[in-house]
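# Tertiary structure, described
Letter by letter, the chains look like this.
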Amino acid sequence: MKRNIAILCSGGDVSGMNPALKRFVEYALENKLLPYFIYDGYEGLIDNKIKEANYCDVTSIINRGGTKIGSARSKRFMDAKYRTIAKKNLDRLNISMLIVLGGDGSFRGLHQFYKEHKVKFCGIPSTIDNDIYGTEYCLGVDTALNMIKFSIDSIRDTASSFKRAFIIETMGNKCGYLALISHLTSGSELCLIPELSYNLDDYEENFRQQIKNGRRYFIAITAEGISQDSAEIAKWFEEKIGIESRVNVLGHLQRGGNPTVKDRLMAYKFITYAIDGLLKNKDKSIICYTESGFDYKKIDAVTNTPHKLDYELINFISS
Ligand code: ATP
């Protein structure tokens, strides 16, 4: 008899989830497992939105952002009563292995589910915030960075034509990763992230001098988690530096878009490691990626340890 395995997406969707679903179906079948999709995250698990998946379900999705099976946040899953219903739904279909694509919140839910119901699982870090302890890379980050790069390049065209300062706000929750990497790779003049305290007065003389020397525009990248509103930074440019300013909050466009080659490949590898882990009793773990490669890390270490942005990266802008 075939063993049954299911997958769900939880929390914010990312580009790379669809390539992961494709690999999931193909690699599960290759390993004589019966693959199931759980639609709409933990909500769908509670509501029994679980369907067997086959090759036809994953044709023509590798190039699409978002997730074909939907993602969700579920208040009900925080309640043990609904987690018991979720377990019964898995049991009815004889599903004994579960893969969850999500962020640290989703993994906390998964851990709680395991403690109560002992369903074998592997988690795949999937959040554009790149803020999960133990992994240097979360699925979707590269596509998000490329969407940001495209936006900054476009804004630069108008900024330079119109002599303006543009404040470009990135997502990231409390983590400055997206802002910092975008700053380093798009050549902005100012980068403000939650991990580094700053005082705008420190830049005033230098920026005013740059205008005197002929600078026509500024690009400032701010992470959503900093204490100031982007509008306040724009006001500072107008009042203290003397340049007309505009704010661009990139928002959800960072989460969408055609998955990059890197995210497609990472999706392929994350899923391969997850299914291998479940088959080789390396479950109860999160698949993490560091310079030394992929690794299975214990879920409690991943969810109980606060994420810290790489010091080497921070030093690039603090020195
Ligand atoms: P993102 O990084 O995109 O925000 P996330 O996985 O961190 O992704 P959350 O909204 O924090 O997103 O969590 C997703 C879901 O995980 C929640 O809506 C809830 O259903 C479940 N969850 C989170 N924490 C717990 C918990 N302590 N117990 C049970 N379920 C939880």
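Just so it is clear, the structure is predicted and the values come from calculations on it, not from any experiment.

Analysis parameters
- Residues numbered from 1 in each chain as written.
- Predicted model: local features only at pLDDT ≥ 70, side-chain atom pairs only at ≥ 80, totals over all residues.
- Heavy atoms only, no water.
- Helix = DSSP H or I, 4+ residues; strand = E, 2+ residues; numbered from the N terminus.
- Rg over C-alpha atoms; globule rule 2.2 N^0.38 Å.
- Buried < 20%, exposed > 50% of the residue type's maximum accessible area, 1.4 Å probe, protein only.
- Contact = heavy atoms within 4.5 Å.
- Areas by Shrake-Rupley, 256 points an atom, 1.4 Å probe, with all protein chains shown as cover.
- Pairing = 2+ DSSP bridges.
- Phe/Tyr/Trp six-rings, centres within 6.5 Å; stacked < 30°, edge-to-face > 60°.
- Near = heavy atom within 4 Å.
- Polar contact = N/O pair within 3.5 Å; in protein donor to acceptor, adjacent residues only side chain to side chain.
- Axes fitted to C-alpha atoms, helices over the stretch in contact; angles between N-to-C directions.
- Parallel < 35°, antiparallel > 145°, perpendicular 65-115°, else oblique.
- Left-handed = near helix turned anticlockwise from the far one by under 90°.
- Domains from an automatic or database assignment.
- Buried area = accessible area lost by both parts, 1.4 Å probe.
- Salt bridge = Lys/Arg side-chain N within 4 Å of Asp/Glu carboxyl O.

### Quick look at the overall build of the chain
Helix and strand content of the chain: 11 helices and 11 strands. Relative to a compact globule of 319 residues, whose C-alpha radius of gyration would be 20 Å, the chain shows 22 Å and is just as compact. In terms of principal-axis extent, the alpha carbons of the chain reach across some 75 × 35 × 35 Å. Taken over 319 residues, the chain has a buried fraction of 53%. Across the chain, every contact between residues at least 6 apart in sequence was considered, and the portion connecting residues at least 24 apart equals 74%. Approximately 14,700 Å² of the chain is accessible, and the part contributed by carbon and sulfur atoms is 48%.

### Points about the pairing of strand β6 (residues 165-170)
Note on strand geometry: in a regular strand, side chains alternate between the two faces of the sheet. Most of β6 sits out of view: six of its six residues are buried. Side-chain alternation along β6 places Ala 165, Ile 167 and Glu 169 on one buried face and Phe 166, Ile 168 and Thr 170 on a second face that is also buried. Examined bridge by bridge, β6 and strand β9 (residues 245-249) share five bridges and lie parallel to one another. The residue of β9 that forms the bridge with Ile 168 is Asn 248.

### Some thoughts on the packing of aromatic side chains
For the structure on display, the rule yields 15 aromatic pairs. With 5.7 Å between their ring centres and 45 degrees between their planes, Tyr 203 and Phe 207 make a pair best called tilted. With Tyr 203 and Phe 207 both in helix α7 (residues 201-212) and four residues apart, this pair spans about one turn of that helix. Relative accessible area serves as the criterion here: at 26%, Tyr 203 is assigned to the partly exposed category. You can call Phe 207 buried: its relative accessible area is 2%.

### Brief notes about the site of the ligand
Every one of the 15 residues lining the ligand counts as a neighbour, but Gly 12, Arg 73, Ser 74, Gly 105 and Ser 106 are closest to it. Between the ligand and the protein, one listed contact pairs an oxygen atom with a side-chain N or O atom of Arg 73 at 2.7 Å. Here an oxygen atom of the ligand and a backbone polar atom of Ser 74 are 2.6 Å apart. A total of 630 Å² of accessible area belongs to the ligand in isolation, and the protein chains cover 79% of it.

### Structural notes on the packing of α7 against helix α8 (residues 230-241)
Contact geometry for α7 and α8: axes closest at 10 Å, N-to-C directions at 60 degrees. The angle between α7 and α8 places the two elements in the oblique class. When the axes of α7 and α8 are compared, the crossing they make is right-handed. Contact with α7, carried on its side by Asp 201, Tyr 203, Glu 204, Phe 207, Arg 208 and Ile 211, involves Trp 236, Phe 237, Lys 240 and Ile 241 of α8 and no other residues of that element.

### Quick look at the sheet that holds strand β2 (residues 33-38)
An order of β3-β2-β1-β4-β5-β10-β11 is seen for the seven strands of this open sheet, with the pairing classed as mixed. Only two strands of the sheet have a single partner each, and these edge strands are β3 (50-52) and β11 (293-298). Taken pair by pair, the neighbouring strands of this sheet meet at an average axis angle of 25 degrees, ignoring direction. Where strand β1 (residues 3-9) and β2 come together, five bridges link them in parallel fashion.

### A closer look at the domain arrangement of the chain
Looking at the assigned domains, one finds that the chain contains domain 1 (3-140 + 259-306) and domain 2 (143-254). The distance between the C-alpha centroids of domain 1 and domain 2 comes to 35 Å. Facing nine residues of domain 1, the contacting portion of domain 2 comprises 10 residues. Note on domain 1 versus domain 2: buried area summed over both sides is about 740 Å², and carbon and sulfur give 57% of it. Where domain 1 touches domain 2, the interface holds zero salt bridges.

### Some points on the pattern of salt bridges
Under the defined criterion, the tally for this structure stands at 12 salt bridges. In this structure, Arg 76 engages Glu 43 in a salt bridge whose closest nitrogen and oxygen atoms are separated by 3.3 Å. Of the two residues, Arg 76 sits in the loop between β3 and α3 (80-92) while Glu 43 sits in helix α2 (residues 41-46), which places them 33 residues apart along the sequence. Assessed through its relative accessible area of 25%, Arg 76 is described here as partly exposed. Three or more residues are tied together by salt bridges with common partners; here these are Glu 43, Asp 47 and Arg 76.

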